Amino acid sequence: MDPHAVNSAPVLGFLNNVYEGLVRRDKNMQIEGSLAESWEPLGGDGWRFHLREGVKFHDGSDLTAEDVLFSYERASSEAADTSSWFAPVKEVKVVDDYTVDFLTHAPNPIFPDSIANFMILDKGWAEANNAVRPAKDEETYATLNTNGTGPFMLASREPGVQTVLEPFEGWWDEPEHNLTKATFLPIANPATAVAGLLSGQVDLINPVPVQDVGRIENQDGLTLHQGIEARVIVLGFGHNHDALKYSDETTDKNPFQDVKVREAVQKAINAEALVDKIMRGNAEVATQLVSPQMKGHSDAATDRIGYDPDGARALLAEAGYPDGFSFGLKCPNDRYINDEALCKAMAAMLTQAGMKADLNAMPVRSYWPELRAGNFDMYLLGWSPGTFDAEHPVRFLVTTKNDEKKLGSWNFGQYSNARVDELLPQIQKEIDADKRQAMLDEVAKIIRDDVVYVPLHIQPLLWGSKSNVDLTQRADNFLMLRWINVN
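Criteria and cut-off values
- Residues numbered from 1 in each chain as written.
- Predicted model: local features only at pLDDT ≥ 70, side-chain atom pairs only at ≥ 80, totals over all residues.
- Heavy atoms only, no water.
- Buried < 20%, exposed > 50% of the residue type's maximum accessible area, 1.4 Å probe, protein only.
- Helix = DSSP H or I, 4+ residues; strand = E, 2+ residues; numbered from the N terminus.
- Pairing = 2+ DSSP bridges.
- Axes fitted to C-alpha atoms, helices over the stretch in contact; angles between N-to-C directions.
- 1 Å grid on protein atoms, 1.4 Å probe; cavity = no way out; pocket = protein on both sides within 12 Å on 5 of 7 lines; lining within 4 Å.
- Points joined across faces, edges and corners; volume = space filled by probe spheres on them.
- Nonpolar A, V, L, I, M, F, W, Y, C, P; charged D, E, K, R; others polar.
- Phe/Tyr/Trp six-rings, centres within 6.5 Å; stacked < 30°, edge-to-face > 60°.

Student: How would you explain the pairing of strand 16 (residues 453-466) if you had to name every residue and give the values?
Tutor: Of all the 14 residues making up strand 16, 13 are buried; the element is thus mostly covered by neighbouring parts of the structure. Pairing of strand 10 (residues 204-205) with strand 16, which is carried by 2 bridges, proceeds in the antiparallel orientation. Of the residues in strand 16, the one forming a bridge with Leu204 is Ser465. Here strand 11 (residues 222-237) runs beside strand 16; their pairing, made up of 12 bridges, is antiparallel. The residue bridging Gln226 from the neighbouring strand is Leu462, located in strand 16. Both strand 12 (residues 284-285) and strand 16 contribute to a ladder of 2 bridges, which runs antiparallel. Directly across from Glu284, in strand 16, lies its bridge partner Ile458.

Below is the structure:
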């Protein structure tokens, strides 16, 4: 329940019903005011936000600029998983009770877009409950309890069993929903979730398993809500690992440090077949770290390294591995649609090309700590840019990890490229659209040619509900209860 502890879409999506930020996204993903009713660029480098007066937290305390400053200090701290959001920020100043300035290192035209998921906590509540800093992998008062300003408040929480939300009668905005209670049930088995929807025990499931799409779509009384998410699924490498950690025979070096081997990996994987067979056609093959719908997508870097198993084996021989090698592949089994099935299929493809993959699939609650600890040779990752801009994955996934500058927080393999590091701050401050796109194109080509990641596919949105449930399905896969009506 802590909005600064885990930078993960399921967490942020759920908590957007409870907590709020200075700005938020509307039904069409456009930025609009939330706790800030207006904002404007400062004359130099930064933005001034004017807070909405009269906003109450769920416990009845008033929202002020001090809560915004406190939440910034908390969300940008080393203990937070959200610190990279604030890499452009030099300082935050309280002007008065309802005015706050975010001073940036350079002009930053996309800053308001970048903080749509930056949620505000009550300073007094956090201090009183020893929750001044978030904890990524520990239980604190703020992981089990909430005190937001959002349209719903936490009624009860049983981790792993159910979490119940009820409307906040003191919400500052006008409700567009007719809900009196929303109960979130984590159902580990997809077949059980489908059975629950078919029997009427649950009203909505997300996601619908791809193998059941037709069944839900053709069932009287049910509706399939379908679209394309902003999330791109990729394979990542341990770029900075001096040696493989999970190989039977190659224990003194790391083949994935060679770009020829990384290219061999991409040539060994038939992404089209994965979309066709594993995703049942409910996805699109990806060419880069963002989908074509995202701002800054590079038309200049859409040529994808295609499926070529013979070429993969030839590249391995060129790199000095004519007999191939074994390695460890880490994957979640409950985070992305068909994630374990995808990894099993890719492990078979890689093994056929001479790279024997030892697959270790695990629940996501164990997966993130493993990635943070560097316990992998290769891993699966999905990324949805919170700003809907191509700068976002560059900042989080590609630029050199730098805790002091709050950069590369999800660059688990610690890839590093001096030219990318040079271009990122220029991209962040460039106002001229053509110049900015030219720099994004250059970065996209570096990522493609250096095979920093292997792009696989753009994940689909597949929700199933009773037909009397009206909802809005956004491309970020956030289920916003304030737009749901049960008729």
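Student: An account of the sheet that holds strand 5 (residues 89-96) is needed here, citing residue identities and associated values.
Tutor: In any sheet, the strands associate via hydrogen bonds between backbone groups, in a parallel or an antiparallel arrangement. The 4 strands are arranged 3-4-6-5 in an open sheet whose pairing can be described as antiparallel. At either end of the open sheet lies a strand with only one pairing partner, and these are strand 3 (36-41) and strand 5. If you compare each strand with its neighbour and ignore which way they point, the axes differ by 20 degrees on average. Bridging between strand 3 and strand 4 (residues 46-51) involves 5 bridges; their strand directions are antiparallel. Its bridge partner lying in strand 4, Glu40 is registered against Arg48.

Student: Give a detailed account of the layout of surface pockets, specifying residues and quantitative values.
Tutor: If you add up the space inside the second largest pocket, you get close to 420 Å³. Lys136, Arg372, Lys401, Asp403 and Ser409 are, among the 26 residues lining the second largest pocket, the residues nearest its centre. Residue composition of the lining of the second largest pocket, by class: 6 nonpolar, 11 polar and 9 charged.

Student: Any details on the side chain of Ser83? Residues and values, ideally.
Tutor: By the secondary structure assignment, Ser83 is in the loop between helix 2 (65-75) and strand 5. Residue Ser83 is classed as buried on the basis of its relative accessible area, which comes to 11%.

Student: Go over the packing of aromatic side chains with me, naming the residues and quoting the values.
Tutor: Per the stated rule, a full pass over the model turns up 23 aromatic pairs. Look at Phe102 and Phe118: their rings are 6.5 Å apart centre to centre, the planes differ by 75 degrees, and that puts the pair in the edge-to-face class. Taken together, the residues Phe102 in strand 6 (residues 99-104) and Phe118 in the loop between helix 3 (111-114) and helix 4 (123-128) connect sequence positions 16 residues apart. When its relative accessible area of 0% is taken as the criterion, Phe102 is described as buried. Seen from their ring centres, Phe256 and Phe327 are 5.2 Å apart, and the 90 degrees between their planes marks the pair as edge-to-face. With Phe256 in the loop between strand 11 and helix 8 (259-268) and Phe327 in strand 13 (residues 325-332), this pair connects stretches of sequence that are 71 residues apart. Judged by its relative accessible area of 0%, Phe327 is buried.

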